[in-house]
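Residues per chain, in single letters:
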Amino acid sequence: MERAVNSRGCAGESILKDKALLRKMLEGIMIARKFEEKVVELFSKGFIHGTTHLGIGEEATGIGTTMALSRGDYMLCTHRGHAPAIGKGCDINGMMAEMLGRESGVCRGRGGSMHIADFSRGILGANGIVGANAPLACGAAMTISLKGIPDRISAVFFGDGASNQGAVHEAMNFAASRGLPVMFCLVNNAYGMSTSIKKAVKETDLTKRAAAYGMKSFECDGNDVLAVYGTAREARRHVLENGPCLLVEHTYRTSGHSKSDGNLYRTKEEIAGWEAANPIARFSSFLLERRLFTRDEIDAIDRSAAAVIEAAAEYALAAPCPRAEEAMDGVFA
Amino acid sequence: MPEREITYANAVRDAMSEEMRRDPDVYFMGEDIGVYRGAFGVSAGMIEEFGPGRVIETPISETAFMGAAAGSAVTGMRPIVELMFSDFMAVCYDQIINQAAKMRYMFGGIARVPMVIRAAAGGGTGAAAQHSQSLEQMYCHVPGLKVVVPSTPYDAKGLLKSAIRDDNCVVFLEQKLLYGTKGVVPDEEYLIPLGLADVKREGADLSVITYGRTVQMSLAVADRLAEEGHSIEVLDLRTLSPLDCGAIVNSVKKTKKAVIVHEAVKFGGFGGEIAAVIADSEAFYSLAAPIKRVGALYCPIPCSPILEKTVLPGESRIEEAIREIL
Ligand SMILES: Cc1ncc(C[n+]2csc(CCOP(=O)(O)OP(=O)(O)O)c2C)c(N)n1
Ligand SMILES: [Mg+2]
């Protein structure tokens, strides 16, 4: 598998002085990873009903991008949306409870894994319909411009597969034609389910999509959380100053597409290669090499991330189930 | 006659493969239907047998491939299109509703649109609001579309073969919770004509009129009630459009009581049409009790198993409705 990791965005050396920020990034990707590992465990124990799409290996895209957003920014994510929700500040206990379909879940157990939302933090929902969130993101951006809200953008995640949906193309043109503050974040993990990007498109350089709509594009190594953060920050500034842009983040999903993936469409070697280059390992060794963190500090962050997830699982397992009598609550406002 | 037991999923696959062997104009198109075998494993072995030229994997572009299927159908091909979940039809509604369904009549009968849209429908899987719907009534309302909802492997195979040979656009809604269920099919070829209902269980006291996944539930309830001496007929419509009105009327004339059951939301569901067929016919005069309907609550399908179970109809709700008028 070739790696198009031609990182044009750069975090800059100044970020490296902000130890609290670096800690938050490392903790973010660790929490995202452990959250999903816990989901796997709870699934195997029969606590989770339905399906789930894990983004193991892609944590840096979800965390790095959302850390570059402000609390007020809107964010719409995909079926593979755990990390972006965590990065945008979603309550982890509420997310875990949602995975278990509990009443205290962020969607009161109605949505489940594929529909994590928290409007109080600008998280306008993960989406089960591939590509459908891009037009919605334009609408959130319209609210920003109609109400004249300063320093706020609308960011939407979608995959390489989703980039071939009409809705995504229409949304890009819609946003570009009226200069809406939308950041189109394309997480290119090289596959849409089992379909390799090479099979799905003739032109695999998806940054070129932006030019067709008169937008600027950014691109980064999606397994390097610093590069993602730096590029997303630059892209966000561009959106505020000049209107929408496309940000392509190159990464790889080492987990299966969903629960039922037999990985017949790719080789073990390919997966293993990317596992070795996973964002947690890469960021940890970077921090060690540059002597920004000690091994002990990293281990402590790892332990605190684990504690967050253990507490979330405990909370979720003890959380009450929705009441059958309330099944029809909330169909209408 | 030699026969064998196969799953519902394999019945669908076998119908496609047999028709593709028989007719070179038939091809199969959809997302991840090759080595991934489709989201429900239905197309196992097909890419190996027919190759990528006839098992065509698409980008995630439902509008493009649905429209392409219709365009190839009017020019001489016979596409089978797989939509991973029937909910995704909403993405390409225009190509189905305004294009495929309209071309024959609107162009004065010069066009034929021999295509099959296969999609996995229904809930009970915890996949929540966007992956669990039963939307068959929306297609039934569009003249020019045929709508089939098989409940057994035998029916799935025979009906799908007929759908593939039909010169019209057929929406073939598979029940995802039935994919793993087993049933007997003959080794030799058979077809089941579209538009014919099937009495899955004969009875004298009450007719349960149903289709899809709720057929199996209704049969289980009927078996239990038989132990108490009640004789329940279960009529499986199999095809909703064209609808076998005669079979409905005959069954109700015989039993004088009708309970209509489907998994789709009861309000505005296809059950209303079935009730109207009864009320609009001579069966009306035989009715000894009000017509009852069982369907999902008026609510998007929730993820929580407790809520999903509450929203979707199950054996207890079917039994309650039957007991109300027995
Ligand atoms: C409209 C629609 N079509 C198909 C699907 C089934 N599906 C779910 S995820 C997926 C792959 C999406 O690929 P991509 O956009 O690259 O995101 P990734 O899964 O790689 O994160 C598919 C085909 C869907 N949910 N919605
Ligand atoms: Mg992808």
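Residues numbered from 1 in each chain as written. Chains lettered and ligands numbered in written order. Predicted model: local features only at pLDDT ≥ 70, side-chain atom pairs only at ≥ 80, totals over all residues. Heavy atoms only, no water.

A. Focus on the overall build of chain A. Counting its secondary structure elements, chain A contains 12 helices and eight strands. Relative to the compact-globule value of 20 Å for 333 residues, chain A shows a C-alpha radius of gyration of 19 Å, a close match. Oriented by its inertia axes, the alpha-carbon framework of chain A measures out at about 55 × 50 × 40 Å. Counting the 333 residues in chain A, one finds 58% classified as buried. For chain A, the share of sequence-separated contacts (at least 6 apart) that also reach a separation of at least 24 residues comes to 74%. For chain A, the exposed surface amounts to about 13,300 Å²; the carbon and sulfur share of it is 52%. Positive and negative charge centroids in chain A, built from 39 and 39 side chains respectively, lie 2 Å apart. (Helix = DSSP H or I, 4+ residues; strand = E, 2+ residues; numbered from the N terminus. Rg over C-alpha atoms; globule rule 2.2 N^0.38 Å. Buried < 20%, exposed > 50% of the residue type's maximum accessible area, 1.4 Å probe, protein only. Contact = heavy atoms within 4.5 Å. Areas by Shrake-Rupley, 256 points an atom, 1.4 Å probe, with all protein chains shown as cover. Lys, Arg positive; Asp, Glu negative; His and termini not counted. Charge placed at Lys NZ, Arg CZ, Asp CG, Glu CD.)

B. Broad picture of the interface of chain B and chain A. Contacts between the two partners involve 35 residues from chain B and, on the opposite side, 38 residues from chain A. Surface buried jointly by chain B and chain A totals about 2,900 Å² across both partners, of which 66% is contributed by carbon and sulfur atoms. One can count one salt bridge joining chain B with chain A. For the salt bridge of Lys199 of chain A with Glu57 of chain B, the shortest nitrogen-to-oxygen distance reads 2.7 Å. Applying the counting criterion to the chain B and chain A interface returns 11 residue pairs in polar contact (both at pLDDT 80 or more). When residues of the side of chain B that touches chain A are assigned to their parent elements, the largest contribution, six residues, is made by helix α11 (residues 305-311) of chain B. Residue classes in the side of chain B that touches chain A are distributed as 21 nonpolar, nine polar and five charged. (Buried area = accessible area lost by both parts, 1.4 Å probe. Salt bridge = Lys/Arg side-chain N within 4 Å of Asp/Glu carboxyl O. Polar contact = N/O pair within 3.5 Å; in protein donor to acceptor, adjacent residues only side chain to side chain. Nonpolar A, V, L, I, M, F, W, Y, C, P; charged D, E, K, R; others polar.)

C. Seen up close, helix α6 (residues 166-177) of chain A. All names here are of chain A. Look at α6: 16 Å from first C-alpha to last across 12 residues, which is about the 16 Å you get at 1.5 Å a residue. Those residues of α6 that fall on the buried side of the exposure criterion are Val168, Ala171, Met172 and Ala175. The arc that holds every buried residue of α6, seen down its axis, measures 100 degrees, which confines them to one face. Packed against the buried residues of α6 are α5 (133-147), β3 (154-159), β4 (182-188) and β8 (245-250). At the C-terminal side of α6, Gly179 shows a positive phi close to 60 degrees. (Expected span 1.5 Å × (residues − 1). Arc of directions from axis to C-beta.)

D. Layout of the site of ligand 1. The environment of ligand 1 is formed by 22 residues, the closest being His79, Arg80, Gly128 and Gly161 of chain A together with Glu62 of chain B. Among the chains of the assembly, those with residues near ligand 1 are chains A and B. Contact between ligand 1 and Arg80 of chain A: an oxygen atom at 2.7 Å from a side-chain N or O atom of the residue. A distance of 2.9 Å is found between an oxygen atom of ligand 1 and a backbone nitrogen or oxygen belonging to Tyr191 of chain A. When ligand 1 sits alone it has 580 Å² of accessible area, and the protein chains cover 97% of it. Grouping the amino acids of the shell around ligand 1 by side-chain chemistry returns nine nonpolar, nine polar and four charged. (Near = heavy atom within 4 Å.)

E. Up close: the confidence of the model for chain B. Residues with a pLDDT of 70 or more make up 100% of chain B, whose mean pLDDT is 98. What the predictor reports for the complex is a pTM of 0.97 with an ipTM of 0.96. (pLDDT = per-residue confidence, 0-100.)

F. Quick look at the sheet that holds β8 of chain A. All names here are of chain A. With respect to topology, six strands assemble into an open sheet ordered β2-β1-β3-β4-β8-β7, the strand pairing being parallel. The open sheet has two edge strands, β2 (123-126) and β7 (216-221), and neither has a second partner. Between one strand axis and the next, the sheet turns by 15 degrees as a mean value, whatever way the strands run. In this sheet, β3 lies alongside strand β1 (residues 74-77) in parallel orientation, the contact comprising three bridges. Counted as the bridge partner of Met75 is Ala155 from β3. Across the sheet, α5 is in contact with β1, β2, β3 and β4; its angle to β3 comes to roughly 175 degrees. (Pairing = 2+ DSSP bridges. Axes fitted to C-alpha atoms, helices over the stretch in contact; angles between N-to-C directions.)

G. Quick look at the coordination of the magnesium ion (ligand 2). All names here are of chain A. Surrounding the magnesium ion (ligand 2) are the protein donor atoms Asp160 (OD), Asn189 (OD1) and Tyr191 (O), at 2.0 to 2.1 Å. Spacing between the donor residues of the magnesium ion (ligand 2) along the chain follows D-x28-N-x1-Y. Of the two residues, Asp160 is situated in the loop between β3 and α6 and Tyr191 in strand β5 (residues 191-192); the sequence distance between them amounts to 31 residues. Exposure remark for Asp160: the relative accessible area of 4% places this residue in the buried category. (Donors = N, O, S within 2.8 Å, 3.2 Å for Na, K, Ca; no water.)

H. Spotlight on the environment of Gly212 of chain B. All names here are of chain B. Checked against the element boundaries, Gly212 lands in the loop between β10 (206-210) and α8 (213-227). Expressed as a C-alpha distance, the spacing of Gly212 and Phe270, which sit 58 residues apart in the sequence, is 12 Å. Excluding its chain neighbours within four sequence positions, the residues that come into contact with Gly212 are Val149, Pro150, Ser151, Gln175, Leu178 and Asp236.

I. Molecular detail of the side chain of Lys176 of chain B. All names here are of chain B. Within the fold, Lys176 resides in the loop between β7 (169-175) and β8 (182-186). Buried charge without a partner: Lys176 forms no salt bridge, and the closest opposite charge is Asp87, 4.7 Å away. A distance of 2.5 Å separates a polar side-chain atom of Lys176 from the backbone oxygen of Gly122. A distance of 2.9 Å separates the side chain of Lys176 from the backbone oxygen of His131, its partner in a polar contact. Residues within four places of Lys176 in sequence aside, it is in contact with Phe40, Phe85, Ala120, Ala121, Gly122, Thr125, His131 and Ser132.

J. Structural view of the packing of aromatic side chains. Taken as a whole, this structure holds 16 aromatic pairs over all chains when the rule is applied. Linked through ring pairs, Tyr191, Tyr252, Tyr265 and Trp274 of chain A together with Tyr36 of chain B together constitute an aromatic cluster. Positioned above the aromatic ring of Phe293 of chain A is the side chain of Lys19 of chain A, whose terminal nitrogen or guanidinium carbon lies 4.8 Å from the ring centre. Looking at Lys216 of chain A, its charged tip hangs above the ring of Phe218 of chain A, at a distance of 5.1 Å from the centre. (Phe/Tyr/Trp six-rings, centres within 6.5 Å; stacked < 30°, edge-to-face > 60°. Lys NZ or Arg CZ within 6 Å of the ring centre and 35° of its normal.)

K. Here's a closer look at the environment of Thr125 of chain B. Positionally, Thr125 of chain B belongs in the loop between β5 (115-121) and α6 (136-140). On the basis of relative accessibility, which here comes to 24%, the residue Thr125 of chain B falls in the partly exposed class. For Thr125 of chain B, the contacting residues outside a window of four places in its chain are His49 and Gly50 of chain A together with Ser132, Lys176, Leu177 and Glu308 of chain B.

L. Examining the domain arrangement of chain B more closely. Residues and elements named next belong to chain B. You can read the domains of chain B as domain 1 (3-186) and domain 2 (198-325). Each of domain 1 and domain 2 has a C-alpha centre, and the two are 26 Å apart. Across the boundary between the two partners, domain 1 contributes 25 residues, which contact 23 residues of domain 2. For the pair domain 1 and domain 2, the summed buried area comes to about 1,900 Å², and 58% of that belongs to carbon and sulfur atoms. Taken together, the links from domain 1 to domain 2 amount to two salt bridges. In this structure, Arg238 engages Asp155 in a salt bridge whose closest nitrogen and oxygen atoms are separated by 3.1 Å. Linking domain 1 to domain 2 there are 15 residue pairs in polar contact (both at pLDDT 80 or more). The set of elements that each furnish at least two residues to the side of domain 1 that touches domain 2 consists of α6, β6 (145-148) and α7 (153-165). Examining the composition of the side of domain 1 that touches domain 2, we find that four residues originate from one element, β6, more than from any other. Across the side of domain 1 that touches domain 2, the residue classes tally to 11 nonpolar, 11 polar and three charged. (Domains from an automatic or database assignment.)

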